[in-house]
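Fold and geometry: a report
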Amino acid sequence: RMIKELDSSFCIWLIDRNTQTGSFNDAEALARDMIQWVDSAQQGFDPDVRARLLLAYADIAFARQEYPRARALYERVAVAQEFADTQSRRTAELKIAETDRVTKHYDAAIERLEKLVRRRDPYLQTEGNYLLALIKYDQGEYPETRKYLDTVFMFDPKHVNAGILQGNLHLKLKKLEQATRVTVGFAGEQDTIIPGKPLKIQLEDRNLAIVGRANSI
């Protein structure tokens, strides 16, 4: 097949590109052909190429929301000893946690991520803390979300996805503040209650006002 005449990294890029654009059938057909080629090749392929290929194949299932299948494929990459020193293995471990997150198995995801971020690996620490921030955001635990985002920015001040999540967090907190503002008084004399700030309310008795007296609280 023509695939044998192409560079393996380019083929993997094509698989990823088709997945990203929603061309799942094309991505899967190409991935299956390449896996068959890699498995049958006598000269063998570098472990990093094999790991990236299997990771790209798992990503197709994830994008299709076939989460049990995706998780099993990521697990295959994560546990294989031949991929121990590859970047794809670390990515697969993160993707297992991401799969647990989107399926709302938060405890399993958190347990895995907390182990990953304890490793002295900047990539795992950065992406692991980002996923922990996502989980806390999903759970509505916004102070914890901010804490994990702060850690991400310590490792990577320009982390794009963390920046987007931070923007969403700011919008969420702003909406919460607006939702908890309580209007008091008459339409022309409105004040607001803002959480965390002292509140002073003055009550005017219209009857006492006749004799020039008012009570305040």
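All of these numbers come straight from a predicted model, not from anything done at the bench.

Close contact between helix 4 (residues 67–79) and helix 5 (residues 87–102) brings their axes to 8 Å; oriented N to C, the two are set at 155°. Considering their axes alone, helix 4 and helix 5 lie roughly antiparallel with respect to each other. Where helix 4 crosses over helix 5, the two elements pack in a sense that is left-handed. Between helix 4 and helix 5, the contacting residues are Tyr-67, Arg-71, Tyr-74, Glu-75, Val-77 and Ala-78 on the first element and Ser-88, Arg-89, Ala-92, Glu-93, Lys-95, Ile-96, Thr-99, Asp-100 and Val-102 on the second. Its residues assigned to classes, the contact of helix 4 with helix 5 shows seven nonpolar, two polar and six charged.

In this section: the confidence of the model for the chain. Chain-level pLDDT for the chain is 83 on average; 77% of the residues reach the 70-or-more range. Between residues 181–195, whose pLDDT stays under 50, and residues either more than four places distant or in other chains, the model counts 16 contacts. A low-confidence stretch, residues 198–217 (pLDDT under 50), is modelled with twelve contacts involving residues beyond four sequence positions or located in other chains.

To continue, consider empty space enclosed by the protein. A full pass over the atoms with the stated rule returns one cavity of 30 Å³ or more. For the largest cavity, the calculated volume is near 50 Å³. In this structure, the largest cavity is lined by Ile-35, Val-38, Asp-39, Arg-50, Leu-53, Leu-54 and Arg-76. Elements with a contribution of two residues or more to the lining of the largest cavity: helix 2 (24–40) and helix 3 (47–63). A class-by-class count of the residues in the lining of the largest cavity yields four nonpolar, no polar and three charged.

For the structure shown, the criterion picks out four aromatic pairs. Considering the side-chain rings of Phe-62 and Tyr-67, the 5.4 Å spacing of their centres and the 70° angle between planes classify their relative orientation as edge-to-face. An aromatic cluster is defined as three or more aromatic residues linked by ring pairs; in this entry it consists of Phe-62, Tyr-67 and Tyr-74. Directly above the aromatic system of Phe-62 lies the positively charged group of Lys-95, at a separation of 4.2 Å from the ring centroid.

Let us now look at the pattern of salt bridges. Counted according to the given criterion, the structure contains 16 salt bridges. Two residues, Arg-119 and Glu-93, come together in a salt bridge whose shortest N-O distance is 2.9 Å. Of this pair, Arg-119 sits in the loop between helix 6 (106–117) and helix 7 (122–138) while Glu-93 is found in helix 5, placing the two residues 26 residues apart along the sequence. Residue class for Arg-119 comes out partly exposed when judged on its relative accessible area of 36%. A residue is classified by how much of its surface remains accessible, and Glu-93, at 9% relative accessible area, is buried. Across the pair Lys-147 and Glu-144 runs a salt bridge, and its minimum N-O distance is 3.2 Å. Taken together, the residues Lys-147 and Glu-144, both in helix 8 (residues 142–155) and three residues apart, mark about one turn of the helix. For Lys-147, a relative accessible area of 40% corresponds to the partly exposed category. Classification of Glu-144 as partly exposed rests on a relative accessible area of 28%.

Now for the layout of surface pockets. As a volume, the largest pocket reaches approximately 420 Å³. Lining the largest pocket are 16 residues, and of these Thr-91, Leu-94, Lys-95, Tyr-123 and Glu-127 lie nearest its centre. Tallying contributions element by element places helix 5 first for the lining of the largest pocket, with seven residues. Residue classes in the lining of the largest pocket are distributed as six nonpolar, four polar and six charged.

About the criteria used
- Residues numbered from 1 in each chain as written.
- Predicted model: local features only at pLDDT ≥ 70, side-chain atom pairs only at ≥ 80, totals over all residues.
- Heavy atoms only, no water.
- Axes fitted to C-alpha atoms, helices over the stretch in contact; angles between N-to-C directions.
- Helix = DSSP H or I, 4+ residues; strand = E, 2+ residues; numbered from the N terminus.
- Parallel < 35°, antiparallel > 145°, perpendicular 65-115°, else oblique.
- Left-handed = near helix turned anticlockwise from the far one by under 90°.
- Contact = heavy atoms within 4.5 Å.
- Nonpolar A, V, L, I, M, F, W, Y, C, P; charged D, E, K, R; others polar.
- pLDDT = per-residue confidence, 0-100.
- 1 Å grid on protein atoms, 1.4 Å probe; cavity = no way out; pocket = protein on both sides within 12 Å on 5 of 7 lines; lining within 4 Å.
- Points joined across faces, edges and corners; volume = space filled by probe spheres on them.
- Phe/Tyr/Trp six-rings, centres within 6.5 Å; stacked < 30°, edge-to-face > 60°.
- Lys NZ or Arg CZ within 6 Å of the ring centre and 35° of its normal.
- Salt bridge = Lys/Arg side-chain N within 4 Å of Asp/Glu carboxyl O.
- Buried < 20%, exposed > 50% of the residue type's maximum accessible area, 1.4 Å probe, protein only.

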